[in-house]
Amino acid sequence: MARSAARLKMGYYPLPVSEGAKLRELLSFTGPASVVDPCVGQGTALNLITQGAEVRRYGIELDAERAMAAGAKGIETIQGNAFDGVAKPESSRCST
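Residues numbered from 1 in each chain as written. Predicted model: local features only at pLDDT ≥ 70, side-chain atom pairs only at ≥ 80, totals over all residues. Heavy atoms only, no water.

A. Quick look at the pattern of salt bridges. Inspection of the entire model under this criterion finds three salt bridges. Between Arg56 and Glu76 there is a salt bridge; the shortest N-O distance is 2.5 Å. One end of the pair, Arg56, is in strand 2 (residues 55–61); the other, Glu76, is in strand 3 (residues 76–79), with 20 residues separating them in the sequence. Taking relative accessible area as the criterion, Arg56 reaches 44% and is therefore assigned partly exposed. Between Arg66 and Glu61 there is a salt bridge, with its nearest N and O atoms 3.2 Å apart. Overall, Arg66 belongs to the buried group, its relative accessible area being 11%. (Salt bridge = Lys/Arg side-chain N within 4 Å of Asp/Glu carboxyl O. Helix = DSSP H or I, 4+ residues; strand = E, 2+ residues; numbered from the N terminus. Buried < 20%, exposed > 50% of the residue type's maximum accessible area, 1.4 Å probe, protein only.)

B. Representation of the pairing of strand 2. In terms of burial, strand 2 is a largely internal element, six of the seven residues being buried. In terms of strand pairing, strand 1 (residues 33–37) meets strand 2 through five bridges, oriented parallel. Bridging from a neighbouring strand, Ala33 pairs with Val55 of strand 2. Handedness of the β-α-β unit built from strand 1, helix 3 (residues 44–49) and strand 2 comes out right-handed. Sheet topology places strand 2 next to strand 3; four bridges connect them, and they run parallel. (Pairing = 2+ DSSP bridges. Right-handed = clockwise from strand over helix to strand, strands pointing away.)

C. Molecular detail of the environment of Gln42. For Gln42, the location among the structural elements is in the loop between strand 1 and helix 3. Taking relative accessible area as the criterion, Gln42 reaches 33% and is therefore assigned partly exposed. What Gln42 contacts, discounting residues up to four positions off in sequence, is Tyr12, Arg66, Ala69, Ala70 and Lys73. (Contact = heavy atoms within 4.5 Å.)

D. Highlighting the sheet that holds strand 2. Spatially, three strands are ordered 1-2-3 in an open sheet, and the strand pairing comes out parallel. Since the sheet does not close on itself, it has two edges, and those belong to strand 1 and strand 3, each with one partner. Here the strands of the sheet are splayed against their neighbours by 15 degrees on average, with no regard to which way each runs. Along the sheet, helix 4 (residues 64–72) contacts strand 2 and strand 3; its crossing angle with strand 3, the most-contacted strand, is approximately 170 degrees. (Axes fitted to C-alpha atoms, helices over the stretch in contact; angles between N-to-C directions.)

Structural data, given as structure tokens:
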């Protein structure tokens with residue numbers, strides 16, 4: 001894909017649902033956990049990969065509309081660049 005087209009998409013290449021289902025089969029969550037997706041998009045893949053698991057879902061997304069969509073799906077989402085985020089060990093929140 002041409003570089004300009006990739007910029008228009010803001011690097012958004014959603015994981016195919018079939019691949020998310022395959023990944024979910026490979027993962028096992030043995031107890032409560034936190035999961036972070038640094039390019040959460042609309043949150044579809046993160047929810048699919050963690051389906052049925054006792055997890056807190058966190059995401060970071062460049063695009064404001066996709067970040068809102070992920071948040072609406074129950075993912076605690078920050079709109080911004082994952083490389084600009086700072087999370088302190090004693091904090092449950094990240095700031096950009």
